[in-house]
Amino acid sequence: MGRRTGWVGRQTGPKDQVGRVRRLGTPLGILAAVTGAFAYVGTVDPNEPGHYPVCPLLKLTGVFCPGCGGLRSAHAFITGDLGAAFSANAIATAGYFLFAAVWVLWLVRAWRGKPLRIGLAPAWWWGVGAVLLVFTVVRNLPFGSALAP
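Residues numbered from 1 in each chain as written. Predicted model: local features only at pLDDT ≥ 70, side-chain atom pairs only at ≥ 80, totals over all residues. Heavy atoms only, no water.

J.: What's the story with the side chain of Thr93 in this structure? I'm lost.
T.: As for its position among the elements, Thr93 is in helix H5 (residues 90-111). What makes Thr93 buried here is its relative accessible area of 5%. At a separation of 3.5 Å, a polar atom in the side chain of Thr93 contacts the main-chain amide nitrogen of Phe86. (Helix = DSSP H or I, 4+ residues; strand = E, 2+ residues; numbered from the N terminus. Buried < 20%, exposed > 50% of the residue type's maximum accessible area, 1.4 Å probe, protein only. Polar contact = N/O pair within 3.5 Å; in protein donor to acceptor, adjacent residues only side chain to side chain.)

J.: What's the story with the packing of aromatic side chains in this structure? I'm lost.
T.: All told, the structure shown has 5 aromatic pairs when counted by the stated rule. Relative to Phe77, the ring of Phe38 lies with its centre 6.3 Å away and its plane at 65°, an arrangement referred to as edge-to-face. In this pair, Phe38 sits in helix H1 (residues 14-43) while Phe77 sits in helix H3 (residues 70-78), placing the two residues 39 residues apart along the sequence. For Phe77, a relative accessible area of 22% gives the class partly exposed. (Phe/Tyr/Trp six-rings, centres within 6.5 Å; stacked < 30°, edge-to-face > 60°.)

J.: In this structure, what is going on with the layout of surface pockets? I would like to understand it.
T.: Empty space among the atoms can be located by rolling a probe the size of a water molecule over them. Its volume calculated, the largest pocket comes out at about 400 Å³. Lining the largest pocket are 19 residues, with Pro53, Val54, Cys55, Leu71 and Arg72 sitting closest to its centre. A class-by-class count of the residues in the lining of the largest pocket yields 12 nonpolar, 5 polar and 2 charged. Computed from the structure, the second largest pocket encloses a volume of approximately 250 Å³. Lining the second largest pocket we find Ile91, Ala94, Gly95, Leu98, Val102, Ile118, Leu120, Val128, Val131 and Leu132. Per-element accounting of the lining of the second largest pocket gives the leading share, 5 residues, to H5. Grouping the constituent residues of the lining of the second largest pocket by class yields 9 nonpolar, 1 polar and no charged. (1 Å grid on protein atoms, 1.4 Å probe; cavity = no way out; pocket = protein on both sides within 12 Å on 5 of 7 lines; lining within 4 Å. Points joined across faces, edges and corners; volume = space filled by probe spheres on them. Nonpolar A, V, L, I, M, F, W, Y, C, P; charged D, E, K, R; others polar.)

J.: Sorry if this is basic, but what is going on with the environment of Arg109 here?
T.: Structurally, the position occupied by Arg109 is in helix H5. For Arg109 and Arg23, which are 86 residues apart along the polypeptide, the C-alpha to C-alpha distance reads 9.3 Å. Among residues more than four places away in sequence, those in contact with Arg109 are Lys114, Pro115 and Leu116. Side-chain polar atoms of Arg109 contact the backbone oxygen of Pro115, separated by 2.9 Å. (Contact = heavy atoms within 4.5 Å.)

See below:
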């Protein structure tokens, strides 16, 4: 088999195709794992007691953590009820969309042979932590009950 010219104007051959398949393996494997997890949560309803463990922080203190309602959110999301998903855990629902966007970016970059580099300055990480802290505090106060699962 001879070499052919790829769409970017460089020579591509069997080795390039094998390399592309290898580069796509990790993002596709992550997608398979996430799809499997969502499929499980979609079929085993977390609203029915006994299927999943109770949040240890909620059980011990009665305080909702930032992840409380995440399974119910995932179940509602996978069954197409975005309102219920957002109501169960707004942060998790936003996270599903963020994950999808980053995954698509990762897949495109892997296809092009470029690594995924997301360099966030410490201020961004502090900001994410602050948003999670405020979300946690507000959902545990009476006026923030709309954010409680």
